[in-house]
Amino acid sequence: MQQKIKSMSQSLNTSDLEFRLDSLSAGEGLALIAELFPGKVVFSTSLGQEDQVITQLITSQNLPIQIFSLDTGRLFPETLELLARTESKYKTRIKVYYPETSSVEKLVSEIGINGFYESVENRKSCCYVRKVEPLKKALAGNQVWVTGLRAEQSANRGGMKRVEWDEANQILKYNPLLDWTFDQMISYINELNIPYNPLHDQGFISIGCAPCTRAIFPGEDPRAGRWWWEDSKKECGLHAK
Ligand code: SF4
């Protein structure tokens, strides 16, 4: 759906913006977005490889884009260690959002500490409390949400656009790496010595919470390691499609 958006300097619609961004590199696109929406652009990082590329693009240009992450309380220690390493390398502070203590206590008392294994409904409740609610807090008051989504990541993400209106969060979503291939991303990481999660070297591709992520086998879908016991769509509610 086409959506009118008001930037500081002009009124745009999503297709106009997409047209402008299509001819730019990811780094140039981020710079344009930061310029059009000053102080209103945020980037959510899960410390995955795509997100590490975007952090590099933002910090190397010193763009005024707030980088934030969601600590669900169930992340791998390697992910938190990478967060610290990333802050140190890029001399930046990543704002960390946490779930509400009272919501987590209520959830755990209802479904149990690992109740997400028992049903899709329980799993979605856990993702809602630990991810979706903190995300809403992080996005509130902003105009653009930058994400590291790539179209190639899974079939569910194939219909994505570079710029799209996120109805659930009432915000414009910008996916600068939309058309990057996996190999292109890995070359970029190696070339620039970008820090990455050591779990990637052990077969983990898409890394989320520790109890809900496993390494994948050669030839499996990149997101097969997320909620591997489920048959459902491999998304947690952060991204509507
Ligand atoms: Fe809970 Fe697993 Fe979702 Fe993390 S990925 S929020 S542990 S269900």
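This text follows the structure it describes.
Rules of the game
Residues numbered from 1 in each chain as written. Predicted model: local features only at pLDDT ≥ 70, side-chain atom pairs only at ≥ 80, totals over all residues. Heavy atoms only, no water. Helix = DSSP H or I, 4+ residues; strand = E, 2+ residues; numbered from the N terminus. Near = heavy atom within 4 Å. Nonpolar A, V, L, I, M, F, W, Y, C, P; charged D, E, K, R; others polar. Core = buried A, V, L, I, M, F, W, Y, C linked by side-chain atoms within 4.5 Å. Buried < 20%, exposed > 50% of the residue type's maximum accessible area, 1.4 Å probe, protein only. Contact = heavy atoms within 4.5 Å. Pairing = 2+ DSSP bridges. Right-handed = clockwise from strand over helix to strand, strands pointing away. Arc of directions from axis to C-beta. Polar contact = N/O pair within 3.5 Å; in protein donor to acceptor, adjacent residues only side chain to side chain. Phe/Tyr/Trp six-rings, centres within 6.5 Å; stacked < 30°, edge-to-face > 60°.

## A closer look at the environment of Ala151
Examined against the element boundaries, Ala151 turns out to sit in the loop between strand E6 (144-146) and strand E7 (163-166). Here the alpha-carbon distance between Ala151 and Thr92, two residues 59 residues apart in the chain, equals 28 Å.

## Observations regarding the site of the ligand
Close to the ligand lie Arg74, Phe116, Arg123, Cys126, Cys127, Arg130, Lys131, Cys209, Cys212 and Trp227. Of the residues contributing to the shell around the ligand, the split by class is six nonpolar, no polar and four charged.

## Description of the nonpolar core
Of all hydrophobic cores here, the largest spans 35 residues; its most connected members are Leu17, Leu30, Phe37 and Val53. Broken down by secondary-structure element, the contributors of at least two residues to this core are helix H1 (14-22), helix H2 (26-36), strand E3 (41-44), helix H3 (49-60), helix H4 (77-90), E6, strand E8 (171-174) and helix H7 (182-192). The element best represented in this core is H2, accounting for six residues. When residues no more than four places from it in sequence are discounted, the contact partners of Val53 are Leu177, Trp180, Met185, Tyr188, Ile189 and Ile194.

## Comments concerning the pairing of strand E4 (residues 66-70)
Of all the five residues making up E4, four are buried; the element is thus mostly covered by neighbouring parts of the structure. As defined by bridge partners, E3 adjoins E4 across three bridges and the pair is classed as parallel. Its bridge partner being in E4, Ser44 is matched across the sheet by Phe68. Considered for its hand, the β-α-β crossover made up of E3, H3 and E4 is right-handed. Taking the sense of rotation as the criterion, the β-α-β connection linking E4, H4 and strand E5 (residues 95-97) turns out right-handed.

## What to know about H1
Within H1, the full set of buried residues consists of Thr14, Leu17, Glu18 and Leu21. The buried residues of H1 all sit within an arc of 100 degrees when viewed along its axis, so they share a single face. You can read the cap of H1 off the contacts: a side-chain oxygen lies 3.1 Å from the backbone nitrogen of Ser15, and it is on Asn13.

## So, the packing of aromatic side chains
Counted according to the given criterion, the structure contains seven aromatic pairs. Judged by centre distance (5.6 Å) and plane angle (85 degrees), the rings of Phe68 and Tyr97 are edge-to-face. Taken together, the positions of Phe68 in strand E4 and Tyr97 in strand E5 put the pair 29 residues apart, joining distant regions of the chain. Under the relative-accessibility criterion, Phe68 is labelled buried at 1%.

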